[in-house]
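# Breakdown of the fold
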Amino acid sequence: MHIVVLSTYPEKDEIHGKQTVGSASYTKNTLLHLTKHYPEYTFSVYAEHFIDKNTEATSHSTYTQGNTTIRRSWVRNNPLSVLGSLFTAIGEAKKRQTILLLPFEAYTFGGILTTGLLLVTIAVLRHMFSIRIITVIHQVVSDFSTLEKNRIKRALLSAGNTVLQYLLLAGSTQYVVFEEFLLTQLPDKGKRGTVIPHAVESLPHITQLKARNKLKLDANTTYVLYFGYISPYKGVADLLKQWSPTPGYQLIIAGAANPNHASNKEYMSYVENVQRLASEKNVITTGFLEENEIPLYFAAVNYLILPYKLFMSSSGPLSLAFSMGLPVLLSQPLSVYAKSKDIREALQQESIDENALTIDMRLQCIPQLEAKNGIYSRLKSFSSRMQTSRSWDVVAKQYHKLFSAVGRV
């Protein structure tokens, strides 16, 4: 089966790259594992050019890796470029009588104008040419109250988001979300939706002692890791404001600015504020982690903390924690993870109350949690169970089943 893909995509020899966001690495992992389990799959990926900041030149190239041909054919925030690639991708899908796969994350293709034009065009062309389109929706936002305090701006954001969601559904034969709660937040309440969990990426096994020695971390300290791009909705600044320097505990902020928002002055001011707060609280900051550094940090720490202000997507860092059997601490808005059947069952199997995963972001809550009998080992076992239930072996089979069903329509 051949699948046409329109998506952001990492650089040639990378999974996690500085110039792309989470949907890029996830898309590449999806294609790699599908071809691993189903060698009959082939893919055409229409991906973005990477612009050299020094020369302003774009990386025009076409290359093949395994069963996948990557054509770097569009420039982010360039409507003509993005629409041109869309027409080419739809033309190939129509000619081959196959599926167009569209992984969608806000601002991937550009700002409001580019994204709006793209989604309207997809919706029109899907119906005009009977194209079968599967959209993988990486984010579903249903509440802007934590993101925007100005009532007028919040109302405008909500209205625009509703339009975006209707356009996404209009342009989709079927769509995928990563958690069951997200399915209920879309206008059609999941009628054409499928839940395929965010797969757990496989990381090399490293002992905690070896990882700490390599990173020059203290052997007797309890380390708590925040990992990922620094974004207001992820609550990093709030976490830092509540964090108190305490002997025996250390917070690590492993992340940098999101490249999709690097030209936004207000956003970059937020990133600078986070860096300043971290310095004031003697919190370790690493900046962007290179691909070979990620397993070291996840092996070295005791907990992953997700202080997010709202739940709008299944977390890539959470899946990395599952891959290492690392206990996770979630903010209260993320308690809805427990609505997903596999997470709920894993918690029950480890006799963990759903509320045990969620804490407020004060440091004092971690010792209080640790005081509960055996909770640390049970949280580790919970993550290990999720590693199995959300492995790429399981998830690839679910994508294969969906592609086969839609391909027969």
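Residues numbered from 1 in each chain as written. Predicted model: local features only at pLDDT ≥ 70, side-chain atom pairs only at ≥ 80, totals over all residues. Heavy atoms only, no water.

## So, the sheet that holds strand β9 (residues 222-227)
Quick note on the threshold: Strands qualify as paired when DSSP identifies two bridges or more between them. Strands here are runs of E lasting at least two residues and helices are runs of H or I lasting at least four, both read from the DSSP assignment and numbered beginning at the N terminus. Two residues qualify as a contact provided that any one of their heavy atoms is within 4.5 Å of a heavy atom in the partner residue. Axis lines are fitted to C-alpha atoms, over the contacting stretch for helices. Their N-to-C directions set the angle, which ranges from 0 to 180 degrees.
Taken together, five strands build an open sheet; the order of strands is β11-β10-β9-β12-β13 and the sheet is parallel. At either margin of the open sheet sits one strand with a lone partner, and together these are β11 (284-285) and β13 (328-330). As paired strands, strand β12 (residues 303-306) and β13 are joined by three bridges and run parallel to one another. In the sheet register, L306 faces β13, and the bridge partner there is L330. Across the sheet, helix α10 (residues 316-323) is in contact with β9, β12 and β13; its angle to β12 comes to roughly 165°.

## A short note on the sheet that holds strand β2 (residues 42-48)
Here eight strands make up an open sheet; going across it, the order is β3-β4-β2-β1-β5-β6-β7-β8 and the pairing mixed. Two strands lie at the open edges of the sheet, namely β3 (62-65) and β8 (193-195), each paired on one side alone. Direction aside, the axes of adjacent strands within the sheet are offset by 25° on average. Sheet analysis places β3 next to strand β4 (residues 68-74), joined by four bridges and oriented antiparallel. Bridge pairing in β4 places Q65 opposite T68. Lying on the sheet, helix α14 (residues 392-407) is in contact with β1 (2-6), β5 (99-104), β6 (132-137), β7 (174-177) and β8; it crosses β6 at an angle near 150°.

## Describing the packing of aromatic side chains
Definition in use: Classification of ring pairs rests on two measures: the distance between centres of Phe, Tyr or Trp rings, Trp counted by its six-membered ring, which must be within 6.5 Å, and the angle between planes, read as stacked under 30 degrees, edge-to-face over 60 and tilted in between. Accessibility here uses a 1.4 Å probe with only protein chains present; expressed as a share of the type maximum, an area under 20% marks a residue as buried, one over 50% as exposed, and anything in between as partly exposed.
A full pass over the atoms with the stated rule returns 13 aromatic pairs. Judged by centre distance (4.8 Å) and plane angle (40°), the rings of W74 and F109 are tilted. Of this pair, W74 sits in strand β4 while F109 sits in the loop between β5 and α3 (112-129), and the two are 35 residues apart along the sequence. Side by side, W74 and F109 carry an identical accessibility label, which is buried. Plain terms: the ring middles of Y399 and F403 are 6.0 Å apart, the flat faces sit at 45° to each other, and that makes the pair tilted. Linking Y399 with F403, this pair stays in helix α14, spanning four residues, or about one helical turn. Look at Y399 and you get buried, because its relative accessible area is 2%. Taken together, the aromatic side chains of Y38, Y41, F43, Y399 and F403 make up a single cluster linked through ring pairs.

## As for the environment of E293
By secondary structure assignment, the location of E293 is in the loop between β11 and α9 (294-300). Its relative accessible area of 28% is what places E293 among the partly exposed residues. Through-space distance from the C-alpha of E293 to that of A211 is 9.7 Å; in sequence the pair is 82 residues apart.

## Some remarks on the pairing of β1
A regular strand carries its side chains on alternate faces of the sheet. With five of five residues buried, β1 is to be regarded as a mostly interior element. The two faces of β1 match: H2, V4 and L6 on one face and I3 and V5 on the other face are all buried. As judged from the five bridges shared by β1 and β2, these two strands associate in the parallel manner. Counterpart to V5 in the pairing with β2 is V45. Two strands pair when backbone bridges link them, and β1 and β5 are joined in this way by three bridges, in the parallel orientation. Within β5, the position partnered with V4 by the bridge is L100.

## What about the packing of α3 against helix α4 (residues 151-170)?
Short version of the rule: Each crossing gets its handedness from the near helix: less than a right angle anticlockwise from the far helix is left-handed, clockwise is right-handed. In this classification, the charged set is Asp, Glu, Lys and Arg, the nonpolar set is Ala, Val, Leu, Ile, Met, Phe, Trp, Tyr, Cys and Pro, and all remaining amino acids, among them Gly, are polar.
Where α3 meets α4, the axes come as close as 8 Å, and the angle between the chain directions of the two elements is 30°. Crossing geometry of α3 relative to α4 is assigned as left-handed. In this structure, α3 contributes T115, L119, V120, A123, R126 and H127 to the contact, and α4 contributes L164, L167, L168 and A170. Looking at the contact of α3 with α4 residue by residue, the classes come out as seven nonpolar, two polar and one charged.

## Focus on a nonpolar patch on the surface
Definition in use: Patch rule: a residue counts if its relative accessible area is over 30% and it has no salt bridge; like charges are joined within 9 Å, and nonpolar side chains (Val, Leu, Ile, Met, Phe, Trp, Tyr) within 5 Å. Here, Shrake-Rupley sampling with a 1.4 Å probe gives the accessible areas, and only protein chains in the shown set may cover a residue. In the sections that follow, a salt bridge refers to a side-chain nitrogen of Lys or Arg positioned within 4 Å of a carboxyl oxygen of Asp or Glu.
Together, V120, V124, M128 and F129 make up a nonpolar patch on the protein surface, roughly 360 Å² of accessible area in all. For F129, the position within the fold is in helix α3. What makes F129 partly exposed here is its relative accessible area of 36%.

## Quick word on α4
Where we set the bar: To estimate the expected span of a helix, subtract one from its residue number and multiply by 1.5 Å. Working note: the arc is built from the helix axis to C-beta atom directions.
A rise of 1.5 Å per residue sets the reference length of α4, with its 20 residues, at 28 Å; its end C-alpha atoms lie 29 Å apart and thus fit the reference within 8%. Buried residues of α4: N161, Q165, L168 and L169, and no others. Buried positions in α4, seen along its axis, are confined to an arc of 90° and lie on one side of it. Opposite the buried face of α4, at more than 90 degrees from it, the exposed residues are I152, L156 and Y166.

## Overview of the environment of L100
Inspection of the secondary structure assignment puts L100 in strand β5. For L100, a relative accessible area of 1% translates into the label buried. Taking the C-alpha atoms as reference, L100 lies 14 Å from L169; in sequence the two are 69 residues apart. In contact with L100, not counting residues within four places along its chain, are V4, V5, L6, A89, I90, A93, I131, R132, I133 and I134.

## Focus on the packing of helix α2 (residues 79-96) against α3
To keep it simple, the criterion reads: Angles are sorted into four bins: roughly parallel if under 35 degrees, roughly antiparallel if over 145, roughly perpendicular if 65 to 115, and oblique for all others.
α3 packs onto α2 with a crossing angle of 20° between their chain directions and a minimal axis gap of 10 Å. Taken as axis vectors, α2 and α3 run roughly parallel relative to one another. Regarding α2 and α3, the two cross each other, and that crossing is right-handed. Together, P79, V82, L83, L86, F87, I90 and K94 of α2 and L113, T114, L117, L118, T121, I122, L125 and F129 of α3 make up the contact between the two elements.

## Focus: the pairing of β12
Just so we agree on the cut-off: Think of it like this: strands point away, you trace from the first strand over the helix to the second, and a clockwise trace means the crossover is right-handed.
Of the two faces of β12, the one holding Y303 and I305 and the one holding L304 and L306 are both buried throughout. Assessed by its sense of winding, the connection that carries the chain from β12 through α10 to β13 is right-handed.

Purely spatial values, then, with no claim about function.
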